Amino acid sequence: MARVESLSKRAMDLDTFLRTVIDFLSEARPDLTARIAQLEVDEDMFEAGAVDSATFLDLCLALEARTGSIIDITELEPEQFSTIRGLFDVTVTA
Amino acid sequence: MTAVLSAWPQHASFLERHFNSCDEHDASFINTLAGEVLALAGDELEAFAGDYRWMCTLFLKHELIYRRSRQLRHAGSDEIRSLYYDNATDMARYMHGLLVSQLTWPQHLGAQLIFKRHFLPRLGAGYRYLEIGPGHGVTMAVVGADTRCASLTGYDISPASIILTRDALARLGVTRKVDLHLQDICAAPVHDARFDAICISQVLELVSSPAAAIAHLVDVLDRDGLLFVNAPVEMRAPDHIRVWHDSAEVDALLTSAGLEVEARYKAHVDQVNHDDRQGYSYLVLARRATDSRP
């Protein structure tokens, strides 16, 4: 699993979150680095081919470890957590 | 796949990778399976595709909870039964999703291929077939179309699933007699019958006692009969109460029941790199050990 260094969630704005996600995915999927680098905050990561289920789960756990938040997607529709902004909303501001 | 993509356009890249990595020799089987999915869905194809998306999302949510806690959400088979098997609406959606996944998930499609390619050819003329949890009916329909098969029997714990299986077999053109019984495989079968071929696919992780289930199957397996086991390793689902972490656990279960493993196969979730850590369907063909044959 790619590593995400610890950082207080209060210090993380959306731009920092975006870079964090891109750094994680670039390490997890080096074969897709160029595509991952172009990810935008409202782009569906699954549709872009940047994540599959396994990578998405690893990403969630890494973000939880970094922010100290729990990413609770139990009651959410996929559209609510499949973009970087969606994940930011449930991770940082939850 | 048009219906799936219509219900879930974000799934396109996954499906493209999946089908691009399929062996071209499997194209005929995949097309047949796709035809069966279409036949079963009928004019509800869009709803089936939506149910598939619902099921995939359910799996993802449960998997996140599992990876965080390393514990399954549900602990007992009674809880699972009330949540899923006795809930006709969700059971139907789940079955619809599972049906589509036979085509779209590498570990399910691979299991279907191995069943057809390696299990059925080992069976002799006039074989009597038993399937535990026939569910969506696709696997049983393959057997039903085999002229060497003498009889078809299914055991299931869910009344809703039995109704679904019977309807599915009719839609798939299986016109021969099929015996479907409400039967908990952890309890001794109440029907006095023996079988030459038994399929238990993705069931052992759902039951209260896999050892009791296998023991009962061995009891009804004929002297030279063949057992097909499909156990998901390092894979979880909402109705699982057990996780197989290693294929050796499944081997040990079978050998403890007096079976000999004849062949082993894996159908990986990661069909490109075949990474065991991402999970796989573990497919085993087993017979009674020579010294335990009656």
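Predicted, not measured: the structure shown is a model, and the values here were computed from it.

To continue, consider the overall build of chain B. Each helix and strand counted, chain B has eleven helices and seven strands in total. In terms of overall dimensions, chain B is globule-like: its C-alpha atoms have a radius of gyration of 18 Å, near the 19 Å expected for 294 residues. Principal-axis analysis of the C-alpha atoms places the extent of chain B at approximately 55 × 45 × 40 Å. Here chain B, with 294 residues, has 40% of them falling under the buried criterion. Contacts spanning at least 24 positions in sequence make up 73% of the contacts within chain B whose residues lie at least 6 apart.

Okay, the overall build of chain A next. Each helix and strand counted, chain A has four helices and zero strands in total. For chain A, the succession of helices and strands along the chain, N to C, is α-α-α-α. The proportion of buried residues among the 94 residues of chain A is 32%. Within chain A, contacts between residues separated by at least 24 positions form 58% of all contacts whose residues are at least 6 apart in sequence.

It is worth spelling out the interface of chain A and chain B at this point. The partner chain B presents 13 residues to the 14 residues of chain A that form the contact. Considered class by class, the residues forming the side of chain A that touches chain B number seven nonpolar, four polar and three charged.

Between the first and last C-alpha of helix 4 (residues 45-69) of chain B there are 36 Å, a value that for 25 residues agrees with the 36 Å anticipated at 1.5 Å per step. Listed as buried for helix 4 of chain B are Phe-48, Ala-49, Asp-51, Tyr-52, Met-55, Cys-56, Glu-63 and Leu-64 of chain B. Packing partners of the buried residues in helix 4 of chain B comprise helix 3 (53-67) of chain A together with helix 1 (2-7), helix 3 (27-41) and helix 6 (88-104) of chain B. Immediately downstream of helix 4 of chain B, the backbone of Arg-70 of chain B shows phi near 60 degrees, a positive value.

Once that is clear, we can look at helix 6 of chain B. Taking 1.5 Å of rise per residue, the 17 residues of helix 6 of chain B would be expected to cover 24 Å, and the 24 Å separating its terminal C-alpha atoms lies within 8% of that figure. For helix 6 of chain B, the complete set of buried residues consists of Met-91, Tyr-94, Met-95, His-96, Gly-97, Leu-99, Val-100, Leu-103 and Thr-104 of chain B.

Turning our eyes to something else, we now look at the environment of Asp-192 of chain B. Residues and elements named next belong to chain B. Here Asp-192 shows up in the loop between strand 3 (178-182) and strand 4 (195-201). Under the C-beta neighbour-count criterion, Asp-192 is labelled exposed, with 6 such atoms within 10 Å. On a C-alpha basis, the gap between Asp-192 and Leu-15 in space is 44 Å, while along the polypeptide they are 177 residues apart.

One non-glycine residue, Arg-70 of chain B, lies in the positive phi region at around 60 degrees. According to the C-beta neighbour criterion, Arg-70 of chain B is exposed, with 7 such atoms within 10 Å.

Residues and elements named next belong to chain B. On the basis of which strands lie adjacent, the open sheet formed by seven strands has the order 3-2-1-4-5-7-6 and mixed pairing. Of all the strands in the sheet, the pair left with one neighbour each is strand 3 and strand 6 (259-268). On average, each strand axis in the sheet is tilted by 15 degrees relative to the strand beside it, whichever way the strands run. Of the pairings in the sheet, the one linking strand 1 (residues 127-132) to strand 2 (residues 149-156) comprises six bridges and is parallel in character. Each bridged residue has a counterpart across the sheet, and for Tyr-127 the counterpart in strand 2 is Cys-149. Contacting strand 2 and strand 3, helix 9 (residues 159-171) crosses the sheet at an angle of about 170 degrees to strand 3. Taken strand by strand, helix 11 (residues 247-256) contacts strand 5 (221-233), strand 6 and strand 7 (280-288), and its axis lies near 20 degrees from that of strand 7.

Here we take up the packing of helix 1 (residues 14-28) of chain A against helix 3 of chain A. Residues and elements named next belong to chain A. With their axes 11 Å apart at the nearest point, helix 1 and helix 3 run at an angle of 135 degrees to one another. One finds that helix 1 runs oblique with respect to helix 3. Remark: the crossing between helix 1 and helix 3 carries right-handed chirality. Across the interface between the two elements, Thr-20, Val-21, Phe-24, Leu-25 and Ala-28 from helix 1 touch Thr-55, Asp-58, Leu-59, Ala-62 and Arg-66 from helix 3. By residue class, the composition of the contact of helix 1 with helix 3 is six nonpolar, two polar and two charged.

Between two packed helices, what matters for the description is the angle formed by their axes and the separation of those axes. Residue and element names in this part refer to chain B. Between helix 3 and helix 6, the least distance of the axes is 9 Å, while the angle of their chain directions is 165 degrees. Taken together, the axes of helix 3 and helix 6 are roughly antiparallel relative to one another. Handedness of the crossing formed by helix 3 with helix 6: left-handed. The segment helix 3 lies against helix 6, with Ile-30, Leu-33, Ala-34, Val-37 and Leu-40 engaging Leu-99, Val-100, Gln-102 and Leu-103. Tallied by class, the residues present in the contact of helix 3 with helix 6 amount to eight nonpolar, one polar and no charged.

Definitions and cut-offs
The numbering scheme is per chain: residues are counted from 1 as the chain's sequence reads. Each chain gets a letter, beginning with A, and each ligand a number, beginning with 1, in the order they are written. The predicted origin of the model limits local features to residues at a pLDDT of at least 70 and limits the giving and counting of side-chain atom pairs to 80 or more, whereas totals for whole chains, interfaces and linings rest on all residues. Only DSSP runs of H or I covering at least 4 residues are called helices, and only runs of E covering at least 2 are called strands; the numbering of each starts at the N terminus. Based on C-alpha atoms, the radius of gyration is set beside the globule rule, defined as 2.2 Å times the residue count to the power 0.38. Exposure criterion: with C-beta atoms placed from backbone coordinates, a residue whose C-beta has 20 or more other C-beta atoms within 10 Å is buried, one with 12 or fewer is exposed, and one in between is partly exposed. Throughout, a residue-residue contact means that the two C-beta atoms, derived from backbone geometry, are no farther apart than 7 Å. Amino acids outside the nonpolar list (Ala, Val, Leu, Ile, Met, Phe, Trp, Tyr, Cys, Pro) and the charged list (Asp, Glu, Lys, Arg) are all regarded as polar, and Gly is one of them. Under the convention used throughout, the expected extent of a helix is 1.5 Å for every residue step, that is, one less than its residue count. Note on pairing: two strands pair once DSSP finds at least 2 bridges between them. Only the stretch in contact is used when fitting a helix axis, every axis being a line fitted to C-alpha atoms; angles between N-to-C directions are given from 0 to 180 degrees. Here is the rule for angles: anything less than 35 degrees is roughly parallel, anything more than 145 is roughly antiparallel, 65 through 115 is roughly perpendicular, and the remaining ranges are oblique. Helix crossings are classified by the rotation of the near helix relative to the far one: an anticlockwise turn of less than a right angle makes the crossing left-handed, while a clockwise turn makes it right-handed.

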